[in-house]
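Survey of secondary and tertiary structure
These are the residues of each chain, in order.
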Amino acid sequence: QLQLVESGGGLVQPGGSLRLSCAASGFTLDYYAIGWFRQAPGKEREGVSCISNSGVYAYYADSVKGRFTISRDNAKNTVYLQMNSLKPEDTAVYYCALRRACSWRFNEYDYWGQGTQVTVSS
């Protein structure tokens, strides 16, 4: 069955780094944009970043711009989110999702992973 699986989350101190992976199985990501969203308890789901199917276009929320980098490796059927200079407010469950093209609206995405927990704390 087709799946998106996130990995790479964990506990990190402020200022630290993590790299999240979003791996697809059962289908190819070649024709799809991949977005990263996050949701903290009591807060709405927030768009973090998105990369176009070609990899030419990348988008970032203002809150993460300059700290996070999205990339893709279609040969590995995987999209990555490199997160540097992490802050406590980055703490959330991070999800990857696919769509034909990038969008900031989470309800427009077709498939979602199970999420991976990122906790930034001293």
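First, a word on what this report is: a plain description of the structure on this page. Here the structure is a predicted model, which is why all the values come from computation and not from measurement. (Residues numbered from 1 in each chain as written. Predicted model: local features only at pLDDT ≥ 70, side-chain atom pairs only at ≥ 80, totals over all residues. Heavy atoms only, no water.)

One non-glycine residue, Asn-77, lies in positive phi territory at about 55°. Note that Asn-77 resides in the loop between strand S7 (68-73) and strand S8 (78-83). Positioned with a positive phi, Ser-85 is a non-glycine residue whose angle comes to about 50°. (Helix = DSSP H or I, 4+ residues; strand = E, 2+ residues; numbered from the N terminus.)

Attention now moves to the pattern of salt bridges. This structure, assessed with the given rule, holds six salt bridges. The salt bridge involving Arg-38 is made with Glu-46; its shortest N-O contact spans 2.9 Å. Here Arg-38 falls in the buried class, since its relative accessible area comes to 5%. With a closest N to O distance of 2.8 Å, Asp-90 and Arg-67 form a salt bridge. Of this pair, Asp-90 sits in the loop between S8 and strand S9 (92-99) while Arg-67 sits in the loop between strand S6 (58-60) and S7, and the two are 23 residues apart along the sequence. (Salt bridge = Lys/Arg side-chain N within 4 Å of Asp/Glu carboxyl O. Buried < 20%, exposed > 50% of the residue type's maximum accessible area, 1.4 Å probe, protein only.)

This part takes up the nonpolar core. Judged by nonpolar contacts, the single largest core of 27 residues is most densely connected at Trp-36, Leu-81, Met-83 and Tyr-94. Broken down by secondary-structure element, the contributors of at least two residues to this core are strand S3 (18-25), strand S4 (33-39), strand S5 (46-51), S7, S8, S9 and strand S11 (116-120). When neighbours within four sequence positions are excluded, Met-83 is seen to be in contact with Gly-16, Ser-17, Leu-18, Leu-20, Arg-67, Phe-68, Tyr-94 and Val-118. Ranked by size, the runner-up nonpolar core spans five residues in total, among them Ala-33, Phe-37, Cys-50 and Tyr-109. (Core = buried A, V, L, I, M, F, W, Y, C linked by side-chain atoms within 4.5 Å. Contact = heavy atoms within 4.5 Å.)

Take the state of the cysteines next. Applying the stated criterion across every chain yields a total of two disulfides. Across a sulfur-sulfur distance of 2.0 Å, Cys-22 and Cys-96 are joined as a disulfide pair. Between Cys-22 and Cys-96, the S-S torsion sits near 70°, and that sign places the bridge as right-handed. You can see Cys-22 sitting in strand S3 and its partner Cys-96 sitting in strand S9, a full 74 residues away along the chain. According to the relative accessible area criterion, Cys-22 is buried, its value standing at 0%. Each sulfur in the disulfide pair Cys-50 and Cys-102 lies 2.0 Å from the other. (Disulfide = S-S within 2.5 Å.)

Worth remembering: the numbers are spatial, not functional.
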